[in-house]
Protein chains: 2
Amino acid sequence: MGGVFISGAAMTRFGRRAESLPDLMAEAARGALSEAGLEHPDALVVSAMNPEEFTGEGNFASAIGTHLGLSRTPSFRAETATSSGAAAVFTAYAAVASGVYRSVLVVGGEKMTHLPTPRVSEVIGRSIDKYERSYGATMPALAGLVTRAWMGHTGATLKDISLVAVKNHENGVRNPLAHFQEAVTLEAVMESRLVADPLRLFHCCPISDGAAAVVAVSSPAPIRIAGIGQGSDYLPLRYRDNFIGFRASQEAARAAYLMAGSGPERVGVAELHDAFTPFELIAMEDVGLAPQGKAARMLTAGETALEGRLPVNPSGGLKARGHPLGATGIAQIVELCWQLTGRATGRQVEAHVGLAHSIGGLATTNWVTLLERVE
Amino acid sequence: MGGVFISGAAMTRFGRRAESLPDLMAEAARGALSEAGLEHPDALVVSAMNPEEFTGEGNFASAIGTHLGLSRTPSFRAETATSSGAAAVFTAYAAVASGVYRSVLVVGGEKMTHLPTPRVSEVIGRSIDKYERSYGATMPALAGLVTRAWMGHTGATLKDISLVAVKNHENGVRNPLAHFQEAVTLEAVMESRLVADPLRLFHCCPISDGAAAVVAVSSPAPIRIAGIGQGSDYLPLRYRDNFIGFRASQEAARAAYLMAGSGPERVGVAELHDAFTPFELIAMEDVGLAPQGKAARMLTAGETALEGRLPVNPSGGLKARGHPLGATGIAQIVELCWQLTGRATGRQVEAHVGLAHSIGGLATTNWVTLLERVE
C-alpha cells in the first residue's frame, strides 16, 4: 500500500451564501489545486449528501467536473449521508493507494439555506430508519435521547454540553471562514429555545452552505494520511447495544489507528462531529481521546480549549464553523492540514498528528481520519 | 497493485417487480455472498442512481447494510448517474487493490416502475445540462440527435439500429432473468411509435426494477478484473467535439486496456450499454470492437449474434434484460462472469475475456471493465 499525501487544501467561508453550489465548490477546488500546484488531477471525487433534492441537480459529479473546467477528468460521487465528505476522502485514498491514480481532487459541498428549515430537516431526517421516523423520530429527537442516556451514565450536565458551544463559538471568532464568528455566553446557550430535551437551539449546529476541497496524491507532500477507517451500526436505534456511545465511531477509530500503527496518544488536535454539542464529548470517548465518562471533565478543565493540552474543534466545529453536509468531512481535514503546517492564523495550536471524526446519519456510517505532518 | 478477483455474482430477475428495493438488493447480495462462500465481507459498496427521489430513502448505504444483516460492516455509496453500478465496482476494486479491504460486496439496484413514466423521465433527465434541459432536451431527444449524426457519418440505417433490438430480444428470450423474454420482429421495431427521431419505442430500453451484486476479493477466484477505466466528457452536448461517438467511452476503454496490458483483440464477449439500440453500435466503435463506421456491418453480418464471432449483449442488454439504473453496470459484470465460467445456460458463448461498458448520463461518465477467466 503506497503512502497517500495531501498536497492542497481549501474551503469557502461557510454560512448563508448567495453563490450556487457549483460556484462554491469551484472556489474550494481552485484553492486546493492551486496550493497543490496542479491543473489537471487524474480524477475527481465529489461529495454531496443530496444535491438532487437540495438543489435539483442530478449526475452531480459530471456537473461539477464540467463546472470546474475538468469535463474530461474521470469523476464520481461518494455518499454516506452527513459524512459524505469523509467518504470522498476515503475513496480518493483508495484510488491513490491502489495505484490507479496519482492525484485525486476531492471536493464536497452542500447548499441548503435557500430552503425552508422544515424541508431541510425532512430531507436530512430520511437518514433515520423509516419505522422510527413513522413514530415521529427526528434527528434532534434521537440525538436528545442519546444525550440523556449518555448524561445519565457519565454524570455530565447540561452545563457541560453547553460549555462545548461556548468553547466552539470562541474558536469560531478566530476563524474567518466560520458560519458563526461571535462568542456566546453560557447563559445564552442554557436559556436558548428547547429543541429536543435536553438539547437547546445553541446545542445544535446551524444549516449552512459551503464547500471544501483537498488534493490526495501519491508523491510526498507535507501531510500524510496515516490512517482512515469507517465504522457502521444498525440504522434503527432500537437495535443498538446502548446509547452511551456510538459503535460506528469506535470502530472507525479502531480501523484508523490500526492502519496508522499508533493510537490516540499521538493525537495533538482533533476535529470532531459536534452536530449536537454533546456529540463532541461522546466522540472524545468513542475515539479514545478521553477515558470513558471523562470527556466532560477534560472540557471543563480547559484541556480541549485552544490553549489546552488537546485542542478539540479549533475551527469552531460544526457548531460554529457550520455544517454544509457534503463539505464537512473535508473541511475537518482542511482545518487539520492548516493546523499541522502552522497556517491556522489566529487559532494555531501545536500538534504533529490530527484526528478528524465524521458522523453519517445518526451515527450509522462514521469515519475517522488520522493526518500526520511529514518531517 | 494487487490482483482483484470476483468470487461471487448474482442478480434478480429484472422487470416490473412487486418487492421493495431493499428486498431486491438483498436477493442479489445473498446470491453473490453465497457463491463467494462468504458471510461477512470486509465492506459493502452500494449503488443506486437516486433512491431518494425514486423510493424516498436517504442514508441508503446504511439502510441497505442493515437490511442485509450487515449493519456493522463498513458501507458507502458510489454514484455516477446511470453508470453507478460500474462506479461501485471501481470503488470496490480500488478498496481491495489498495489493501484496505480483502473482500467487498458490491450491490446495486433501482426501483422505478411504481412511478409514472413522466416522473421517471424527469428524474433521469436531470442528468442533462440544465441549459439544454431548459430548451426541452430530454434523454431520448439528445440520443436521437447523436444517432442521426452517427447515422449520417457512418451510413448506418434505421434497419441497422432496429436489428440491434431484434438481436437483443432474441437473446433475452434465452435469459430467464430478462425483463423482456419475447422476440420482436424487424417490422414491429421499425413500426413502433416514434419517440425522438429516428428513435422509436422499440429502440429504447424499458424502465425496470431489479438488483445485481458481485463480491470483489484479493484472493484468487475464477474471474479476475483485468482492467477498469473511466472516461468523462462535457455535460453539455454543445461543447463536445462531435456527435459520432462518445469520448467518455473511448477514454474509459483506453484506460481499461492500459491497465489490462492488452487491447480489444482479446475480447470474446461484450455487454454494452444499449439504453438506445444505436448506442450498442456506437459503443462497439468507441471501445474498439469494431473499426470506426463498421459496427452496423458487423451486426448485419451476424458477427455480434450469440453464435457470431464476437457476441454482444448475450444477456439481452439493457434493451431486453432491462435497465434498473444502479443495477445495470453490475448486471453486465454478472453476465460476463457467467459467460466466462460456462454458466450462461441457453445462451452460452465461448470466450476468455469479456468487456462491460456502462454509460452515465448522456455519456458524461462512462466505464469499461475487462474481466478475464483465470486459468
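Computed from a predicted structure; not experimentally measured.

Let's talk about the confidence of the model for chain A
In regions of low pLDDT, the predicted coordinates are not meant to be interpreted in detail.
Argument step 1. Of the residues in chain A, 99% have a pLDDT of 70 or more, and the chain-wide mean is 97.
Argument step 2. What the predictor reports for the complex is a pTM of 0.97 with an ipTM of 0.96.

A word on helix α11 (residues 277-286) of chain B
Argument step 1. Within α11 of chain B, 10 of the 10 residues are buried, leaving the element largely enclosed by the surrounding structure.
Argument step 2. Turning to α11 of chain B, its buried residues number three or more, namely Thr277, Pro278, Phe279, Glu280, Leu281, Ile282, Ala283, Met284, Glu285 and Asp286 of chain B.

Details of the relation of the copies chain B and chain A
Argument step 1. Once chain B is rotated about the relating axis by 180 degrees and shifted along it by 0.0 Å, it coincides with chain A to within an RMSD of 0.0 Å. Given the turn and translation reported, the copies of this chain are related as if by a two-fold rotation axis. By C-alpha distance to the rotation axis, the residue of chain B lying nearest is Ser98 of chain B, at 1.9 Å.

Here's the deal with the environment of Phe90 of chain A
Argument step 1. Among the secondary structure elements, Phe90 of chain A is positioned in helix α4 (residues 84-97).
Argument step 2. For the pair Phe90 of chain A and Val106 of chain A, spaced 16 residues apart in sequence, the C-alpha to C-alpha distance is 9.7 Å.

Observations regarding the packing of helix α1 (residues 21-36) of chain B against helix α3 (residues 60-67) of chain B
Residues and elements named next belong to chain B.
Argument step 1. Interhelical geometry of α1 versus α3 gives an angle of 60 degrees and a closest axis separation of 10 Å. One finds that α1 runs oblique with respect to α3. Our pair here, α1 against α3, has a crossing hand that is right-handed. In this structure, α1 uses Leu21, Pro22, Asp23, Met25 and Ala26 to contact α3, whose residues at the interface are Phe60, Ile64 and His67.
Argument step 2. Considered class by class, the residues forming the contact of α1 with α3 number six nonpolar, one polar and one charged.

Here's the deal with the packing of aromatic side chains
Argument step 1. All told, the structure shown has 14 aromatic pairs over all chains when counted by the stated rule.
Argument step 2. Judged by centre distance (6.0 Å) and plane angle (50 degrees), the rings of Tyr101 of chain A and Phe90 of chain B are tilted. Residue Tyr101 of chain A is located in the loop between α4 and β4 (103-110), and its partner Phe90 of chain B is located in helix α4 (residues 84-97); the two belong to separate chains.
Argument step 3. A residue is classified by how much of its surface remains accessible, and Tyr101 of chain A, at 9% relative accessible area, is buried.
Argument step 4. Ring plane angle 75 degrees and centroid distance 5.1 Å describe the contact between Phe246 of chain B and Phe279 of chain B, whose orientation is recorded as edge-to-face. Remark: Phe279 of chain B occurs in helix α11 and Phe246 of chain B occurs in the loop between β8 (223-232) and α10 (247-260); sequence separation between them is 33 residues.

What counts and what doesn't
- Residues numbered from 1 in each chain as written.
- Chains lettered and ligands numbered in written order.
- Predicted model: local features only at pLDDT ≥ 70, side-chain atom pairs only at ≥ 80, totals over all residues.
- Heavy atoms only, no water.
- pLDDT = per-residue confidence, 0-100.
- Buried < 20%, exposed > 50% of the residue type's maximum accessible area, 1.4 Å probe, protein only.
- Helix = DSSP H or I, 4+ residues; strand = E, 2+ residues; numbered from the N terminus.
- Least-squares fit on C-alpha atoms with pLDDT ≥ 70 in both.
- Axes fitted to C-alpha atoms, helices over the stretch in contact; angles between N-to-C directions.
- Parallel < 35°, antiparallel > 145°, perpendicular 65-115°, else oblique.
- Left-handed = near helix turned anticlockwise from the far one by under 90°.
- Contact = heavy atoms within 4.5 Å.
- Nonpolar A, V, L, I, M, F, W, Y, C, P; charged D, E, K, R; others polar.
- Phe/Tyr/Trp six-rings, centres within 6.5 Å; stacked < 30°, edge-to-face > 60°.

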